[in-house]
Amino acid sequence: GGLIMIDRIKCKQFAKAQLKNRWTIPVLVTLFTIIISIIFSASTQLLPINELFDPNLETTDDIFLFLQTFVKSSSIIYLISIVEAVISLIIQGASTNLYLKMSRSPEKITMTPFIEGFSFAGRSLLAGLWVGLWSFLWYFAAIFAMALLMVIFSLLGETFLILAGCIGVIGAVIILLYKLY
C-alpha cells in the first residue's frame, strides 16, 4: 500500500457543496462550543490565585494558611479542567454526529442530529480516553527512544574519545620512537 493522497480541490468542492445553504447550524454549533470553552476559561481566571502570593508571610500560621488556600484553589482548577475536558469530549461527539449526518445527506440540516449526538456521551468519552491513551503511549515511546539514543551516543562518544586518546598516545609513542632511532 501507498499513501492516500487527498485531492485538495475535490475536498474543497465537496465541503462547499455540503455547506451550500446549510452553513447556519454548523456555525451555531461552533459558537456554542466556543462559548462553553470561554465560560470554563473565565471560571478558572476568576479564582483569587493572584491574592495567594502575598510576600508578607511572617508567621507559621500565615504560611500554613497560604498553603491551605493554594491547595484548595489548585484542586478547584484541576477539577474544573477535568469537567471541561469531559464536556468538550461530549460536545465533540455531538458535533461529529451532526457533521456525519450532513456529509451523508444533501437535505437541509436541523439541530436534531447535534442534540441526538449527546446520547453518545459515553462513546465520546471512551474515544477521547482511547486517543489520549495512544497519544501518551506514543509520547512515552518517543521519549524512551530518545533517552536510549542519548545513552548509546553517550557511550559511543566516550568510547570514541578513549579510542582517539589511545590512538593519539600510540601515535605520539611511534613518533617519539621514530625520532629516537
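Residues numbered from 1 in each chain as written. Predicted model: local features only at pLDDT ≥ 70, side-chain atom pairs only at ≥ 80, totals over all residues. Heavy atoms only, no water.

Participant: Before we go on, may I ask you to explain the nonpolar core in this structure?
Facilitator: Looking at soluble globular proteins, one finds that nonpolar side chains tend to be buried together. One finds Ile25, Val29, Ala94, Leu98, Met102, Ile109 and Phe114 forming the largest nonpolar core, which totals 7 residues. Only α2 (24–45) and α3 (60–104) provide two or more residues apiece to this core. With 3 residues, α3 is the single largest residue contributor to this core. Dropping the residues within four chain positions of it, Ala94 is found in contact with Pro113, Phe114, Gly117 and Phe118. (Core = buried A, V, L, I, M, F, W, Y, C linked by side-chain atoms within 4.5 Å. Buried < 20%, exposed > 50% of the residue type's maximum accessible area, 1.4 Å probe, protein only. Helix = DSSP H or I, 4+ residues; strand = E, 2+ residues; numbered from the N terminus. Contact = heavy atoms within 4.5 Å.)

Participant: How should I be thinking about the packing of aromatic side chains in this particular structure?
Facilitator: Within this structure, the stated rule accounts for 4 aromatic pairs. Here Phe32 and Phe114 contribute two aromatic rings whose centre-to-centre distance is 5.9 Å and whose plane-to-plane angle is 80°, an arrangement assigned as edge-to-face. Taken together, the residues Phe32 in helix α2 and Phe114 in helix α4 (residues 112–117) connect sequence positions 82 residues apart. Given the relative accessible area of 3%, Phe114 is considered buried. On the numbers, 5.8 Å between centres and 75° between planes, the contact of Trp130 with Trp134 is edge-to-face. Taken as a pair, Trp130 and Trp134 lie in helix α5 (residues 121–180) at a separation of 4 residues, close to a single helical turn. Taking the relative accessible area as the measure of exposure, Trp130 reaches 53% and is therefore exposed. Feature note: the residues Phe32, Phe114 and Phe118 constitute an aromatic cluster, connected by ring pairs. (Phe/Tyr/Trp six-rings, centres within 6.5 Å; stacked < 30°, edge-to-face > 60°.)

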